[in-house]
Amino acid sequence: MISFYRFSVQHFLITQRLRHILIVLLSCLLSACAVAVRDFPAPQPLPEAFSASGDIAAPPQWWEAFDDAPLQRLIEQGLRDNPDLIAAYHRIEQAAAQARAAGSALFPALDAHSGADYALSDPPATGWRSREEMMLGFAASYEIDLWGRIRANIYAAEQVALAVAEERAAAAVSLSAEIASTWYHYVEQKQQLALLQRQIATNEHNVELVRSRFYANQASGADVFQQSQFLEALRGDRYSVEANLRVLTHRLAVLIGTTPERLRLPDAASFPALPPLPETGLPIVLLQRRPDILAAYHRLQAADLRIAAAIAERLPKLSLAVSASGSAPDLQHFFNNWLATLAGNLLLPIVDGGRRVAEVERQRAAAAEALQRYRQQILQALAEVENALAQERQQRLRLESLKQQLHALDEANQLIRLRYLYGAMDFLRVLTSLINLQNMERSVLRAERELIDFRIALYRALAGSESLPRPRTELHDAS
């Protein structure tokens, strides 16, 4: 009964001491300097509006504007399975873990230690004796964030984590645009192949026609050889297009995170009807939406916070240490011998060879660099929007001109061919007209694909940090 009473008193005294220690810690914590994440205005004057704008907002997932089911499937799989995008997701996890690790400095560090001591002695008169003692203790340490250094480092790590997340969103936008561009290059090559097949068939017929005229002494041998050479040139172009289709298929497979033999593409594909020009919005809104701009902004905020941390590193540090330990020969007497201590330590930097001053200067230079990178990202974003608008506007005019040329060449080719059959035109004029016509047909196809590319570039320039599907992070997920 007496032992239990003594244990209760000791337990009460230890509890009271710990309460006093917690009160001291909390009062020091509340007196620490506050640190805030600073907002930065745009370092670059912005135009009031873009040079052109549509009336319909682009969908959050911009590729839906093309209403192209194969493209939709390709991009969805790419956002799930692309290895680079999965790697970017893991970089987010790393940055988040680093931010949590930085936040642990706001809490006391608590360690426990224990041990047992067993000794034997052999006095001459009494024989062997043994002594046994158990030890258990706890030690806590804590640095008071007097000047906000710890919080500045925590907030900087959090801003870096936000920047990494926005960089992944920017990578996803770039990936979707690259998949779309590669897909429509594939569609163009498919159509080029079909066009070449028709042109080859036409020229095979022309070879037979010229050969028949040669046998009838109505054409020369040179006419036959010229037509045959042009036919072989078209066959050579077909081999190149077939190789391009394989390369583009392999490229699409890499982009969506699979192997070429597992990629299934439709046999027939065509260009979509280009949707109306999307609403470009205000340039100031672009700063709040584009993930690459947001990433540069968060990195600027992190650099600014590191300046505050470097300045605080030059100021005194106050640390507290709390320890409680006890020892006894057995468990019954263990809690009767506890000792609790509280110690404070003030560290004042005096001479360090200019290391801390140099670190402040380095962080200021890093923040100045981050500011210029942020400014450069804004300028780049504005230029990308204006470039895409200008290129699409001029490409529409160019495409219309090419179609008019194609129509004129078609009419001219029919007239020249008819006059050749009646002997009023030499064969070289016929062949030149046919070459020009068939080259123009292929140029129109390329121009139609380029127009889509410019629209993709516009969507990419205007795309924001929309929600993205979580990538597959385990190998068996993709099996």
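Residues numbered from 1 in each chain as written. Predicted model: local features only at pLDDT ≥ 70, side-chain atom pairs only at ≥ 80, totals over all residues. Heavy atoms only, no water.

Thoughts on the overall build of the protein chain
If you tally the helices and strands in the protein chain, you get nine helices and four strands. Written out in order from the N terminus, the α and β elements of the protein chain read α-α-α-β-β-α-α-α-α-β-β-α-α. Expressed as a percentage of its 479 residues, the buried residues of the protein chain come to 37%. Partitioning the contacts of the protein chain with sequence separation of at least 6, the portion at a separation of at least 24 is 84%. With an accessible surface of roughly 27,000 Å², the protein chain has 57% of that area assigned to carbon and sulfur atoms. (Helix = DSSP H or I, 4+ residues; strand = E, 2+ residues; numbered from the N terminus. Buried < 20%, exposed > 50% of the residue type's maximum accessible area, 1.4 Å probe, protein only. Contact = heavy atoms within 4.5 Å. Areas by Shrake-Rupley, 256 points an atom, 1.4 Å probe, with all protein chains shown as cover.)

Topic: the packing of helix α3 (residues 83–103) against helix α4 (residues 149–215)
Geometry of a packed helix pair, given as the angle between the helix axes and the separation of the axes. The contact between α3 and α4 brings their axes to 8 Å, and the two run at 170 degrees. Here α4 runs roughly antiparallel to α3, going by the angle between their axes. Across the interface between the two elements, Leu 85, Ala 88, Tyr 89, Arg 91, Ile 92, Ala 95, Ala 96, Gln 98, Ala 99, Ala 102 and Gly 103 of α3 pack against Asn 153, Ile 154, Ala 157, Glu 158, Ala 161, Val 164, Ala 165, Arg 168, Ala 171, Ala 172 and Leu 175 of α4. Residue composition of the contact of α3 with α4, grouped by class: 16 nonpolar, three polar and three charged. (Axes fitted to C-alpha atoms, helices over the stretch in contact; angles between N-to-C directions. Parallel < 35°, antiparallel > 145°, perpendicular 65-115°, else oblique. Nonpolar A, V, L, I, M, F, W, Y, C, P; charged D, E, K, R; others polar.)

So, the nonpolar core
Core analysis: the biggest nonpolar cluster contains 51 residues, and Trp 62, Leu 71, Ile 179, Trp 183 and Tyr 184 have the highest contact counts within it. Those elements that provide at least two residues to this core are α2 (69–81), α4, α5 (221–256), α8 (355–421) and α9 (427–462). Counting residues per element, this core draws most heavily on α4, at 16 residues. In this structure, Trp 62 is in contact with Ser 176, Ala 177, Ala 180, Ile 456, Tyr 459 and Ala 463, ignoring residues within four places of it in sequence. Within the second largest apolar cluster, 22 residues are counted, among which are Ala 296, Ile 307, Ala 367 and Val 385. (Core = buried A, V, L, I, M, F, W, Y, C linked by side-chain atoms within 4.5 Å.)

Some points on the packing of aromatic side chains
Ring pairs (aromatic) are described by centroid distance and by the angle formed between their planes. By the definition in use, this model includes nine aromatic pairs. Put simply, the rings of Trp 62, Trp 63, Phe 66, Tyr 184 and Tyr 459 touch in pairs and so form one group of aromatic residues. The residue whose ring lies beneath Arg 213 is Tyr 420, and the NZ or CZ to ring-centre distance is 4.7 Å. (Phe/Tyr/Trp six-rings, centres within 6.5 Å; stacked < 30°, edge-to-face > 60°. Lys NZ or Arg CZ within 6 Å of the ring centre and 35° of its normal.)

Brief notes about α8
Relative to the 99 Å expected for 67 residues at 1.5 Å per residue, α8 spans 91 Å between its end C-alpha atoms, a close match to the ideal helical length. Of the residues one or two after α8, Gly 423 is the one with positive phi, at around 80 degrees. (Expected span 1.5 Å × (residues − 1).)

Some remarks on unusual backbone geometry
In the Ramachandran plot, Asp 67 falls in the positive-phi region, its phi being about 50 degrees despite a non-glycine side chain. Judged by its relative accessible area of 72%, Asp 67 is exposed. At Asn 217, a residue that is not glycine, the phi angle is positive and equals roughly 60 degrees. Among the secondary structure elements, Asn 217 is positioned in the loop between α4 and α5. Look at Asn 217 and you get exposed, because its relative accessible area is 73%.

Re the confidence of the model for the protein chain
When pLDDT is averaged along the protein chain, the result is 84, and 81% of the positions lie at 70 or above. Averaged pLDDT values over the elements of the protein chain bottom out at 47 in helix α1 (residues 2–30) and peak at 95 in helix α7 (residues 291–312). Below a pLDDT of 50 lies the segment residues 1–15, which in the model reaches seven contacts outside its immediate sequence neighbourhood of four places, other chains included. Overall, residues 475–479 carries pLDDT values under 50, and its contacts beyond four positions in sequence, including any with other chains, amount to three contacts. (pLDDT = per-residue confidence, 0-100.)

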